[in-house]
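Listed below are the residues making up each chain.
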Amino acid sequence: VECRLWSLLPERFAGVVLSPVAPLGTTSALGSLDQNRVISTVRGSEVVSDPTNPLAVEAAVRRSSGRRADGRVDLAAAHRVIRGQVFEGPGLFAHFALFALVSSGRDQGSGRTEAEMVVDHLRFYAAAVAAIAPAAAAELTVSTFRRNAVDERLDELLPEVCRVGPNVTVQRDTERTHARGYYTSHALAIGARHDDQLADLGDGGLTDWTGRLLADAKERCLTSCISIERLAALAGPDERPG
């Protein structure tokens, strides 16, 4: 499944191989999450618990370089993460594999930068479900925490996502409260329905991470990821590992 995801990735996304560890405090500094949720080391580092955090750091580095300062940076990584939390319930584990995307670019005005990044991420996930789990229907949701110009651009651009395939739907939502504050104005939910059961594959949303890293309020950043194992569980026998 991971190989198929890489083969479906649009050319504009650059693949990144992440280190197993990141500087201590990366997760709490960017995502404002409790440091107890990650496994810290005695050498000033922490085990990566979310690949979007180090990807955002790398995106900020590339955005700060002269050759990319005015252009969008789009990165992708497949990474196995481990978390320090205790998970209880079927299908919940402390370590799992994620396929993550991070896009960062400068504000073009009228919400266009953010909307274009949202559409690019959702088109990839819709294509991934269609190719890897053709018996499932991709159900994608864009939630609005704070209505702004991005919503108008999304009204124009989101129909492009539905054109990926006949079994792709995109819903708009204003009731979501989960991750409000972690994400800024908009969040994504990536799911797939099979046999009348909806599988939660992943999540994402707009953040201020690269803006804070670069001390530039004009920077825009979108992060998202899906579970490789959950997608594999929906795939046909030919796609399942082992």
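Reading guide: rules and limits
- Residues numbered from 1 in each chain as written.
- Predicted model: local features only at pLDDT ≥ 70, side-chain atom pairs only at ≥ 80, totals over all residues.
- Heavy atoms only, no water.
- Pairing = 2+ DSSP bridges.
- Helix = DSSP H or I, 4+ residues; strand = E, 2+ residues; numbered from the N terminus.
- Contact = heavy atoms within 4.5 Å.
- Axes fitted to C-alpha atoms, helices over the stretch in contact; angles between N-to-C directions.
- Polar contact = N/O pair within 3.5 Å; in protein donor to acceptor, adjacent residues only side chain to side chain.
- Buried < 20%, exposed > 50% of the residue type's maximum accessible area, 1.4 Å probe, protein only.

*Asks:* Looking at this structure, I do not really get the sheet that holds strand β10 (residues 219-227). What am I missing?
*Replies:* Through backbone hydrogen bonds, the strands of a sheet pair up, either in parallel or in antiparallel fashion. Strand order across the open sheet formed by 8 strands is β1-β4-β5-β10-β9-β8-β6-β7, with mixed pairing between neighbours. The open sheet has two edge strands with one neighbour each: β1 (14-15) and β7 (168-173). Looking at chain direction, strand β8 (residues 186-194) and strand β9 (residues 197-207) are connected through 8 bridges and run antiparallel. Looking at the pairing, leucine 188 lines up with glycine 204 of β9. Helix α3 (residues 52-64) rests against β1, β4 (73-82), β5 (95-106) and β10 of the sheet, and its axis sits at about 25° to β5.

*Asks:* Any chance you could explain the environment of threonine 26 here in plain terms?
*Replies:* Following the sequence through the fold, threonine 26 ends up in helix α2 (residues 26-31). In this structure the C-alpha to C-alpha distance between threonine 26 and valine 48, which are 22 residues apart in sequence, comes to 8.9 Å. Among all residues touching threonine 26, those that are not within four sequence positions of it are Glu46, Asn53 and Val57. A polar atom in the side chain of threonine 26 sits 2.6 Å from the backbone oxygen of proline 23.

*Asks:* Would you explain the pairing of strand β6 (residues 137-144) in this entry?
*Replies:* Along a regular strand, successive side chains alternate from one face of the sheet to the other. Here β6 lies mainly inside the structure; 7 of its 8 residues are buried. Taken together, the 8 bridges between β6 and β8 define a ladder with antiparallel strand orientation. In the strand pairing of β8, glutamate 139 is matched with glycine 191. Pairing of β6 with β7 involves 6 bridges; the strand directions are parallel. Counterpart to valine 142 in the pairing with β7 is arginine 172.

*Asks:* Quick question: what am I supposed to make of unusual backbone geometry here?
*Replies:* Phi at alanine 179 takes a positive value of approximately 70°, unusual for a residue other than glycine. The phi dihedral of alanine 215 is positive, around 50°, even though this residue is not glycine. You can call alanine 215 exposed: its relative accessible area is 72%.

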